[in-house]
Amino acid sequence: MKEKFKLDKKDKSILIELYKNARAKVSEISKSTRIQRDSIKYRMQRMKKNKVYHQISPRLRFSGMGFPLLYKVDINIIGSNLTEEDKFLAYLKASPFVINIEKITGRWDISLIIVTKTNHHFEEIFKDIRLKYGDIIKDYDISTINRVVKWWDYSALLRSIKE
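Just so it is clear, the model here is predicted, and its values are computed rather than measured.

Student: Just to check I follow, could you spell out the packing of aromatic side chains for this structure?
Tutor: Each pair of aromatic rings is reported with the distance of its centres and the angle of its planes. Taken as a whole and assessed by the stated rule, the structure comprises six aromatic pairs. Ring centres of Phe88 and Tyr133 lie 5.1 Å apart, and the angle between their planes is 45 degrees; this geometry places the pair in the tilted category. Remark: Tyr133 occurs in helix 5 (residues 119–133) and Phe88 occurs in helix 4 (residues 82–94); sequence separation between them is 45 residues. Considered together, Phe88 and Tyr133 belong to a single accessibility category, that of buried residues. By way of ring pairs, the aromatic residues Tyr71, Phe122, Phe126 and Tyr140 are connected into one cluster. If you follow Arg107 out to its NZ or CZ, it ends over the ring of Trp108, 4.1 Å from the centre.

Listed below in C-alpha cells is the structure:
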C-alpha cells in the first residue's frame, strides 16, 4: 500500500503562494516564502507527482468577463443506463457555460454551476439541455447564486494540515 504523502510547512507555504497567484514565478515564491528556488522546483514536482495538485490556475471573476449571473442546477436523473448518463455528462462537460459538474448523493444526482450573460441566456442553455436529455432528467431545481461568499478557498485548509 502506498504511503500517504505528507505536506510539510514549506510545501504548504508554496501551495498558499500559488493559490494567491497561480502565475507566480519561482523567484517570487522564493522571495515571499524564503525557500530556495531549487527547493521550490523540487517540491512542486514532487507534489505534482504525488497528485497533491494537478494544475494551478488563476481564480476568475466571471462578472469581469461578461458573465454576471451564476446558476446552481440540481438534477435527478431517471435510473438510466450508464451509457446515457455518460453521454449526458459529456454533453455538460462540453458546454463552455457549465463551469462545475458534481456527481452527488442525497436528494439530487448531479449538481451544476452555469455562468451566463443574462437570464434569457440561461433559459436558452437550460432549454437546450432539457430538449436533448429531457428523457433522463426526472426532476431539477434551479437557484440563482446572488453572492459568492467563499469559492474554493484552500488556503485555510492548507494551514490546518498537521505535519
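After that view, the rundown keeps rolling.
Student: For this particular structure, what's the right way to read helix 4?
Tutor: Note on helix geometry: an α-helix contains 3.6 residues per turn, so any two residues three or four positions apart are oriented the same way. Between its terminal C-alpha atoms helix 4 stretches 18 Å, which fits the 18 Å expected from 13 residues at 1.5 Å a residue. By the burial criterion, the buried members of helix 4 are Glu85, Phe88, Leu89 and Leu92. Take helix 4 and look down its axis: the buried residues cluster within an arc of 95 degrees, on one side only. Where helix 4 is buried, its residues contact strand 1 (69–77), strand 2 (98–103), strand 3 (110–116), helix 5 and strand 4 (137–145).

Student: Before we go on, may I ask you to explain the side chain of Thr116 in this structure?
Tutor: Relative to the assigned elements, Thr116 resides in strand 3. Within polar-contact distance, the side chain of Thr116 engages the backbone oxygen of Thr118 at 3.2 Å. In contact with Thr116, not counting residues within four places along its chain, are Phe67, Pro68, Leu69, Tyr71, His121, Phe122 and Ile125.

Student: I'm lost on a nonpolar patch on the surface in this one. Help?
Tutor: Taken together, the side chains of Ile99, Val148 and Trp151 make up a nonpolar region of the molecular surface, amounting to roughly 220 Å² of accessible area. You can see Val148 is positioned in the loop between strand 4 and helix 6 (155–160). Residue classification places Val148 among the partly exposed residues on the basis of a relative accessible area of 36%.

Student: How do you make sense of the nonpolar core when you look at a structure like this?
Tutor: Side chains that are nonpolar tend, in soluble globular proteins, to be buried together. With 18 residues, the main nonpolar core has Ile75, Phe88, Leu112, Ile114 and Ile129 as its most contacted residues. Within the residue set of this core, elements represented by two or more residues are strand 1, helix 4, strand 3 and helix 5. Of all the elements, helix 5 adds the most residues to this core, at five residues. In this view, Ile129 contacts Phe88, Tyr91, Leu92, Ile114, Gly134 and Ile137; residues no more than four positions away in its chain are not counted. Ranked by size, the runner-up nonpolar core spans 14 residues in total, among them Ile14, Ile16, Ile35 and Met47.

Student: Before we go on, may I ask you to explain the packing of helix 2 (residues 26–33) against helix 3 (residues 37–49) in this structure?
Tutor: Where helix 2 contacts helix 3, the axes come no closer than 9 Å and their chain directions differ by 110 degrees. The pairing of helix 2 with helix 3 is recorded here as roughly perpendicular in orientation. The residues of helix 3 that touch helix 2, namely those facing Val26, Ser27, Ile29, Ser30 and Thr33, are Arg37, Ile40 and Lys41. Within the contact of helix 2 with helix 3, the residues separate by chemical class into three nonpolar, three polar and two charged.

Student: Any chance you could explain the side chain of Ser111 here in plain terms?
Tutor: Within the fold, Ser111 resides in strand 3. Polar contacts involving the side chain of Ser111 include one to the side chain of Asp74, which spans 2.8 Å.

What counts and how
Residues numbered from 1 in each chain as written. Predicted model: local features only at pLDDT ≥ 70, side-chain atom pairs only at ≥ 80, totals over all residues. Heavy atoms only, no water. Phe/Tyr/Trp six-rings, centres within 6.5 Å; stacked < 30°, edge-to-face > 60°. Helix = DSSP H or I, 4+ residues; strand = E, 2+ residues; numbered from the N terminus. Buried < 20%, exposed > 50% of the residue type's maximum accessible area, 1.4 Å probe, protein only. Lys NZ or Arg CZ within 6 Å of the ring centre and 35° of its normal. Expected span 1.5 Å × (residues − 1). Arc of directions from axis to C-beta. Contact = heavy atoms within 4.5 Å. Polar contact = N/O pair within 3.5 Å; in protein donor to acceptor, adjacent residues only side chain to side chain. Patch = residues over 30% accessible without salt bridge, like charges linked within 9 Å, V, L, I, M, F, W, Y side chains within 5 Å. Areas by Shrake-Rupley, 256 points an atom, 1.4 Å probe, with all protein chains shown as cover. Salt bridge = Lys/Arg side-chain N within 4 Å of Asp/Glu carboxyl O. Core = buried A, V, L, I, M, F, W, Y, C linked by side-chain atoms within 4.5 Å. Axes fitted to C-alpha atoms, helices over the stretch in contact; angles between N-to-C directions. Parallel < 35°, antiparallel > 145°, perpendicular 65-115°, else oblique. Nonpolar A, V, L, I, M, F, W, Y, C, P; charged D, E, K, R; others polar.

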